[in-house]
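Descriptive structure summary
Below, each chain spelled out in residue letters.
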Amino acid sequence: MNNKVEILGVPFSKLTMKETLDLLEKTLQDNQDKPFHLITANPEFVVGALQEPILEEIAAEADLITPDGIGIVMASRWYGDPVPERVAGYDLLLQLLEEGNRKKWSFYFLGSSEEVSELATDKIKERYPNLIIAGRHNGFFKDKEAEVLAEINTVKPDFLIVALGAPRQEVWIHQKKAFLHTKIAIGVGGSLDVIAGKVKRAPLFWQKLNLEWFYRLISQPSRWKRQLALPKFALKAYIAAKKK
Ligand code: UDP
């Protein structure tokens with residue numbers, strides 16, 4: 001069984017959220033020499049990978065790419081090879097925190113502003129008292145990158161949660177992968193801002209209507225330029241699917 005569908009060159013996992021969690025749990029038990037790199041990719045990432053060779057390389061080398069966003073789900077249907085559901089970064093992170101609380105997994109949170117990083121980790125500690133917060137650092141560490149890497153490598157977390165925004169976080173993980181001692185590295189974009197309560201996730205009603213992208217557009221209008229990737233992605237994916 002082929003458990004991937006390739007959309008405009010990016011191989012998307014066809015695992016459900018539950019199957020993804022099971023795979024990650026299994027990965028924690030493996031003795032791999034490099035961290036398992038999971039990307040939750042949205043249409044913007046796919047369009048980026050078409051334009052920038054580094055993103056194309058990252059997409060080819062990542063261990064798992066999950067469909068983040070309704071655009072990817074729809075495109076997989078056009079290809080006649082549907083993914084079962086969205087596995088979005090924020091949702092995956094919450095599931096991991098839940099499971100980590102039960103199984104005492106350790107997490108290092110890298111990224112976001114100092115205020116958000118502190119607030120988010122405080123909230124996580126409160127809500128998930130049994131998981132281990134191995135450490136945290138804000139996402140503005142250019143001048144002390146060696147120090148940050150050394151800290152992560154000392155604590156060797158099960159999960160390195162990287163919130164530097166996409167695709168900066170994917171590039172960072174890719175470039176540092178060979179020197180990082182963590183089992184699993186995942187980029188989660190603005191998820192810590194949401195956990196900290198600084199940014200609101202689209203209410204369930206909008207999510208259910210598959211209009212989360214629209215909610216984000218009207219609540220953070222400065223993102224409109226980034227969202228131009230959406231129609232570009234839809235057109236290219238549709239044409240590619242019809243040619244298949
Ligand atoms: N950020 C960071 N370092 C940087 C630039 C951004 O830690 O050099 C953080 C920023 O504070 C925010 C997140 O990265 O928490 C970006 O969130 P955004 O919503 O733009 O990411 P997306 O979900 O779109 O990938």
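Computed from a predicted structure; not experimentally measured. Here the residue numbering is sequential within each chain, running from 1 through the sequence in written order. For a predicted model such as this one, the threshold for reporting local features is a pLDDT of at least 70, and the threshold for listing and counting side-chain atom pairs is 80 or more; totals across whole chains, interfaces and linings nevertheless cover every residue. To obtain the side-chain values, all non-hydrogen atoms of the structure were used and water was disregarded.

**A short note on the overall build of the protein chain**
- We count a stretch as a helix when DSSP gives it H or I for four or more residues in a row; a strand needs E for two or more, and each element gets its number in order from the N terminus. Along its length, the protein chain carries 13 helices and eight strands.
- Only C-alpha atoms enter the radius of gyration, while the globule expectation follows 2.2 Å times N to the 0.38, with N the number of residues. For 244 residues, the compact-globule estimate of 2.2 N^0.38 gives 18 Å, and the protein chain sits close to it at 17 Å.
- When the 244 residues of the protein chain are sorted by exposure, 49% land in the buried category.
- Only four residue types enter the tally: Lys and Arg on the positive side, Asp and Glu on the negative side, with His and both chain ends excluded. Where a charge lies is defined by one atom per residue type, namely NZ (Lys), CZ (Arg), CG (Asp) and CD (Glu). For the protein chain, the distance from the average position of its 34 positive side-chain charges to the average position of its 31 negative side-chain charges is 5 Å. Partly exposed residues are those whose accessible area sits between 20% and 50% of the maximum for their type, while under 20% is buried and over 50% is exposed, using a 1.4 Å probe and protein chains only.

**Points about the sheet that holds strand β4 (residues 64-67)**
- Two strands qualify as a pair provided that DSSP identifies no fewer than 2 bridges between them. Read from one edge of the open sheet, six strands run β4-β3-β8-β7-β5-β6, paired in parallel fashion. What marks the edges here is a single partner per strand, and that holds for β4 and β6 (132-137). Taking each pair of neighbouring strands and ignoring which way they run, the sheet shows an average axis angle of 20 degrees.
- Throughout, a contact is declared for two residues whenever any of their heavy atoms are within 4.5 Å. Angles here are taken between N-to-C directions and fall from 0 to 180 degrees, while the axes themselves are lines fitted to C-alpha atoms, restricted in helices to the stretch in contact. Seen against the sheet, helix α6 (residues 114-127) touches β5 (106-111) and β6 and runs at an angle of roughly 175 degrees to β6.

**Some points on unusual backbone geometry**
- The omega torsion across Ala-166 and Pro-167 is 0 degrees, close enough to zero to call that bond cis.
- The phi dihedral of Asn-210 falls on the positive side, at around 60 degrees, and the residue is not glycine.
- Checked against the element boundaries, Asn-210 lands in the loop between α10 (204-208) and α11 (212-219).

**Some points on the pairing of strand β2 (residues 10-13)**
- Inspection of the sheet shows strand β1 (residues 4-7) paired to β2 by four bridges, in the antiparallel sense. Along β2, the bridge assignment pairs Lys-4 with Ser-13.

**Considerations on the site of the ligand**
- As a structural note, the neighbourhood of the ligand is formed by 16 residues, with Ser-112, Ala-166, Asp-193, Arg-223 and Arg-226 the closest of them.
- Each polar contact in these results corresponds to two N or O atoms within 3.5 Å; when the atoms are within protein, one needs to be able to donate a hydrogen and the other to accept it, and residues that are neighboring in sequence are counted only if both atoms are side-chain atoms. Ser-112 has a polar backbone atom sitting 2.8 Å from an oxygen atom of the ligand.
- Gly-190 is positioned such that a nitrogen or oxygen atom in its backbone is 3.0 Å from an oxygen atom of the ligand.
- If the ligand stood free it would expose 550 Å²; the protein chains cover 77% of that surface.
- Residues are grouped as follows: nonpolar covers Ala, Val, Leu, Ile, Met, Phe, Trp, Tyr, Cys and Pro; charged covers Asp, Glu, Lys and Arg; every other residue, Gly included, is treated as polar. When its residues are assigned to classes, the shell around the ligand shows four nonpolar, seven polar and five charged. We define proximity as follows: a residue is near a molecule or strand when any one of its heavy atoms falls within 4 Å of that partner. Where accessible areas are quoted, they stem from the Shrake-Rupley method and a 1.4 Å probe; at the residue level, only the protein chains shown are allowed to cover.

**Focus: the packing of helix α4 (residues 70-78) against helix α13 (residues 229-243)**
- Direction vectors running N to C along α4 and α13 enclose 15 degrees, while the axes themselves pass 9 Å from each other. In terms of their interaxial angle, α4 and α13 are classed as roughly parallel. α13 is crossed by α4, and the crossing has right-handed handedness. Along the contact surface, α4 presents Gly-71, Ile-72, Ala-75 and Trp-78, while α13 presents Phe-233, Ala-234, Ala-237, Tyr-238 and Ala-241.
- Its residues placed into classes, the contact of α4 with α13 shows eight nonpolar, one polar and no charged. Orientation is classified from the angle alone, with under 35 degrees giving roughly parallel, over 145 giving roughly antiparallel, 65 to 115 giving roughly perpendicular, and any other angle giving oblique. Here is the rule for handedness: rotate from the far helix to the near one, and if that takes an anticlockwise turn smaller than a right angle the crossing is left-handed, while a clockwise turn gives right-handed.

**A look at the nonpolar core**
- Counting 32 residues, the largest nonpolar core has Leu-24, Leu-92, Leu-96, Leu-97, Phe-107, Phe-159 and Ile-186 as its most contacted members.
- At the level of elements, α1 (17-29), β3 (36-41), α5 (89-103), β5, α6, β7 (159-163), β8 (184-187) and α9 (191-195) are the ones that each hand at least two residues to this core.
- At five residues, the largest contribution of residues to this core is made by α5.
- When near neighbours in sequence (up to four residues on either side) are disregarded, Leu-24 contacts Phe-36, Leu-38, Leu-92, Leu-96, Phe-159, Ile-184 and Ile-186.
- Listed in part, the 26 residues of the second largest apolar core include Val-10, Ile-65, Ile-70 and Ile-72. The definition of a nonpolar core used throughout is a set of buried Ala, Val, Leu, Ile, Met, Phe, Trp, Tyr and Cys residues joined through side-chain atoms within 4.5 Å.

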